[in-house]
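Working through the structure, step by step
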Amino acid sequence: MIKNKPNLKKAQKRSNKDVEIIEDKIYIPNEMVNYGNNKKYLIQTYGCQANERDSENISGILELLGYERTYDENNSDFIIFNTCAIRENAENKVFGKIGSLKKLKRDNPSLVIALCGCMAQEEKTIEKILSSYQHLDLVFGTHNINNLPSLLLDALYSKEIIVDVTSEEGQVIENLPSNRASKFKAWVNIMFGCDKFCTYCIVPYTRGKERSRLMENILDEVNDLIKEGYQEITLLGQNVNAYGKDLNKGYGFAKLLENVAKTNIPRIRFMTSHPWDFTDEMIDVISKYDNIMPFIHLPVQSGNNGVLKKMGRRYSVEEYKILFDKLKKAKTDVAMSTDIIVGFPEETNEAFLDTLALVDYCQFDNAFTFAFSPRTGTPAAKMKDNVGEDEKKARLAILNEKVNGYFLKNNQRFFNKTLKVLVDGPSKKNSDVLSGYSEHNKLVNFKGSKMLIGKIVNVKINDVKSFSLEGELVD
Ligand code: SAH
Ligand code: SF4
Ligand code: F3S
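Reading guide: rules and limits
Residue numbers restart at each chain and count upward from 1, following the sequence in its written direction. The order in which chains are written sets their letters, starting at A; the order in which ligands are written sets their numbers, starting at 1. Local features are withheld for residues below a pLDDT of 70 in this predicted model, meaning they are given only at 70 or higher, and side-chain atom pairs are given and counted only at 80 or more; totals for whole chains, interfaces and linings count all residues. The basis for the side-chain values is all heavy atoms of the structure; hydrogens and waters are excluded. Any carboxyl oxygen of Asp or Glu that lies within 4 Å of a side-chain nitrogen of Lys or Arg is treated as forming a salt bridge with it. What counts as a helix is a DSSP run of H or I of at least four residues, what counts as a strand is a run of E of at least two, and both are numbered from the N terminus. Buried residues are those whose accessible area, probed at 1.4 Å on protein chains only, stays under 20% of the maximum for their type, while exposed residues exceed 50% and partly exposed ones sit between those limits. Two rings from Phe, Tyr or Trp (for Trp, the six-membered ring) form a pair when their centres are within 6.5 Å of each other. A pair whose planes differ by under 30 degrees is stacked, one over 60 is edge-to-face, and the rest are tilted. A ring is considered to have a charge above it if a Lys NZ or an Arg CZ atom is located within 6 Å of its centre and within 35 degrees of its normal. Strands were regarded as paired on the criterion that DSSP finds at least two bridges between them. Here an angle of 0 to 180 degrees is reported between the N-to-C directions of two axes, which are lines fitted to C-alpha atoms, with helices fitted over the stretch in contact. Any two residues whose heavy atoms approach within 4.5 Å at even a single point are treated as in contact. Here a residue is considered near a molecule or strand provided that any single heavy atom belonging to it is located within 4 Å of it. Only Asp, Glu, Lys and Arg are considered charged, only Ala, Val, Leu, Ile, Met, Phe, Trp, Tyr, Cys and Pro nonpolar, and every remaining residue, Gly among them, polar. Those domain boundaries reflect an automatic or database domain assignment. Take the buried residues of types Ala, Val, Leu, Ile, Met, Phe, Trp, Tyr and Cys, join any two whose side-chain atoms come within 4.5 Å, and each joined set is a nonpolar core. Look down the strands so they point away from you; if going from the first strand over the helix to the second traces a clockwise path, that crossover is right-handed. When two components associate, each loses some accessible surface as probed by a 1.4 Å sphere; the sum of these losses over both components is called the buried area. N or O atoms closer than or at 3.5 Å make up a polar contact, with two conditions inside protein: a donor-capable atom paired with an acceptor-capable one, and, for residues adjacent in sequence, both atoms drawn from side chains.

**Some thoughts on the pattern of salt bridges**
For the structure on display, the rule yields 32 salt bridges. Put simply, arginine 14 and aspartate 195 hold a salt bridge, and the shortest N to O gap is 2.6 Å. Of this pair, arginine 14 sits in the loop between helix H1 (8-12) and strand S2 (21-22) while aspartate 195 sits in the loop between strand S11 (191-192) and helix H7 (203-207), and the two are 181 residues apart along the sequence. Owing to a relative accessible area of 24%, arginine 14 belongs among the partly exposed residues under this scheme. Of the charged contacts in the structure, one is a salt bridge between arginine 180 and glutamate 56, with a shortest N-O distance of 4.0 Å. Within this pair, whereas arginine 180 is found in the loop between strand S9 (172-173) and strand S10 (185-189), its partner glutamate 56 is found in helix H2 (residues 49-64), the two being separated by 124 residues in sequence. Side by side, arginine 180 and glutamate 56 carry an identical accessibility label, which is buried. Through salt bridges with shared partners, a single network forms among Arg53, Glu56, Glu174, Arg180, Arg213 and Glu221.

**Brief notes about the packing of aromatic side chains**
One pass over the full model with this rule turns up 13 aromatic pairs. Relative to phenylalanine 78, the ring of tyrosine 67 lies with its centre 6.0 Å away and its plane at 50 degrees, an arrangement referred to as tilted. One end of the pair, tyrosine 67, is in the loop between H2 and strand S4 (68-69); the other, phenylalanine 78, is in strand S5 (residues 78-83), with 11 residues separating them in the sequence. We classify tyrosine 67 as buried; its relative accessible area is 5%. Centroid distance tyrosine 200 to phenylalanine 344: 6.4 Å. Interplanar angle 85 degrees. Geometry classified as edge-to-face. Here tyrosine 200, found in the loop between S11 and H7, pairs with phenylalanine 344, found in the loop between strand S16 (335-342) and helix H13 (349-362); they are 144 residues apart in sequence, far enough to count as distant. You'll find tyrosine 200 and phenylalanine 344 in the same group, each marked buried. Of note, lysine 102 hangs over the ring of tyrosine 133, and the distance from its end group to the ring centre comes to 5.4 Å. It is lysine 128 that lies over the ring of phenylalanine 95; its NZ or CZ is 4.0 Å from the centre.

**Quick word on the sheet that holds strand S15 (residues 295-297)**
One open sheet accounts for 3 strands, arranged S15-S16-S17; its pairing is parallel. The sheet terminates laterally at S15 and strand S17 (366-371), the two strands that pair on one side only. Direction aside, neighbouring strands of the sheet carry axes that sit 15 degrees apart on average. Its contacts with the sheet put helix H14 (residues 389-411) on S16 and S17, and the angle it makes with S17 is roughly 180 degrees.

**A look at the site of ligand 3**
All residues adjacent to ligand 3 are Cys48, Asn51, Cys84, Ala85, Ile86, Cys118, Val203, Arg207 and Gln238. Here the residues of the shell around ligand 3 sort into 6 nonpolar, 2 polar and 1 charged. A domain split of the shell around ligand 3 shows at least three residues from each of domain 1 (2-164) and domain 2 (172-412).

**Describing the nonpolar core**
Among the nonpolar cores identified, the biggest contains 72 residues, and Ile233, Leu235, Tyr243 and Phe253 are the most heavily contacted of them. Leaving out residues up to four positions away in the same chain, tyrosine 243 has contacts with Ile190, Met191, Ser212, Arg213, Leu214, Met215, Ile218, Tyr251, Gly252, Phe253 and Leu256. By size, the runner-up hydrophobic cluster in this structure holds 27 residues, among which are Cys118, Ile129, Val139 and Val165.

**A look at the pairing of strand S3 (residues 40-45)**
Examined bridge by bridge, S3 and S4 share 2 bridges and lie parallel to one another. Opposite lysine 40, over in S4, you have glutamate 68 as the bridge partner. Following the backbone out of S3, through H2 and into the adjacent parallel S4, one traces a crossover that is right-handed. As judged from the 5 bridges shared by S3 and S5, these two strands associate in the parallel manner. Bridging across to S5, leucine 42 finds its partner in isoleucine 79.

**Some details on the domain arrangement of the protein chain**
How big an interface is tends to be stated in terms of the accessible area lost upon association of its parts. When cut into domains, the protein chain gives domain 1 (2-164), domain 2 (172-412) and domain 3 (415-474). Between domain 1 and domain 2, the C-alpha centre-to-centre distance is 27 Å. Contacts between the two partners involve 42 residues from domain 1 and, on the opposite side, 38 residues from domain 2. Taken together, the two surfaces of domain 1 and domain 2 that pack against each other cover about 3500 Å², and 55% of this comes from carbon and sulfur. The largest per-residue losses of area from domain 1 upon contact with domain 2 belong to Arg14, Arg53 and Glu56, which jointly make up 20% of the total buried on that side. Our enumeration of links across domain 1 and domain 2 arrives at 5 salt bridges. Of the charged contacts, one joins arginine 207 and aspartate 54 as a salt bridge, the two residues approaching to 2.8 Å between their closest N and O atoms. Connecting domain 1 to domain 2 are 22 residue pairs in polar contact (both at pLDDT 80 or more). The set of elements that each furnish at least two residues to the side of domain 1 that touches domain 2 consists of H1, S2, H2 and helix H3 (88-99). Broken down by element, the residue count for the side of domain 1 that touches domain 2 peaks at 13 residues, all from H2.

Here is the structure:
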């Protein structure tokens, strides 16, 4: 049954209406109270931290219904795919995965399978699911996670797939149940949506308009996290620098960041900053507080002004460099990272060389690099995608080689230095070794007791690689 389908025209809309803040407790229909007792759910999350945080809320809601988490699909009663639409390969991964569950569903018809997140917000995903993935039970979007108990009830009683995805500017929903992935590092949403409409990007259509949480609600959340022993928070938004603009309360990201710093939580990070509205006031706050970590993610996307213009990024290469230099000066030894897209429509080889030159100038500590992927409904998808796939791949390989060289060079400054590391747990590659992140967001591996997990410890670095540092525990 189709309750609501996403609609591109509605997703593009931005009005001046005030954002509604919903503070009610979530509604649980009688039939769903304790429905999940003795049942297990599995949630597979793709995409960015916004999705990671949504999955913590979905998990919180399901545990409120009595469900327990599992990581084994054969042992699941409810499987949820929280998806990402940012590039085609992200979507293909999900379609491959849900396709492979057809057999599991045939063998166990009581299994409920749901798809949510940014892919659900696309018209073309819904068409594809209705034509080829009828074994799904439920599709919901990024705006109605709070309705999950009712949606699940509908799906249980319906023989057909339930689709309930609205395209809207969106609300701010407070007080969702939450089951955080970590006991010492937390994601804290400060705003939702995006109004930048970079021409290549699907996010403004899948997440709605830029809307900020009230500062008091964010600070309450941070203070609760401190009481629970959290060591690090990351303030989240597609463009945190725009925080507060929609509220007309006289405060913005600089004020928020300063107030969060004053809570004295040991580590504060934030993601993502759009270079366009990075103010001097923000830079002052970043330089003034030691618990604001010396790591800034500042996506540049391209080093060529013509390409930047077509991307709708609203800054020039020269302006980016000025901001970059200011930040480097403002915070001693700050680590800078970025995002870069190669093969944007009509990116010439000269334009690509400009991007390489910018990388040589900035010498980033980290960089996420992507080949342009046209997204249906975005302006760039209508531009001439005239850099061939092979050429995109070749440019990506050249760019990666260059950025990787700088990762290694930058990491060398930590050789023989003692770094403060927040210990995450056993290393993914070697369970005898612990790993965690330094203040500069460097992955650090060292030997130590599992008792140290969740603590900030001193590690002296004795080996340096491109993507990690190795060291030993010191007092
Ligand atoms: N809000 C963040 C970015 C979120 S998407 C920001 O503005 O920085 C993360 C990254 O994915 C972007 O920075 C961009 O580099 C990349 N990206 C987004 N859309 C893309 C597309 N259509 N093709 C290739 N890469 C894309
Ligand atoms: Fe996408 Fe641009 Fe918004 Fe980032 S700022 S989410 S790249 S539209
Ligand atoms: Fe992907 Fe949606 Fe995030 S498209 S990058 S999960 S906002």
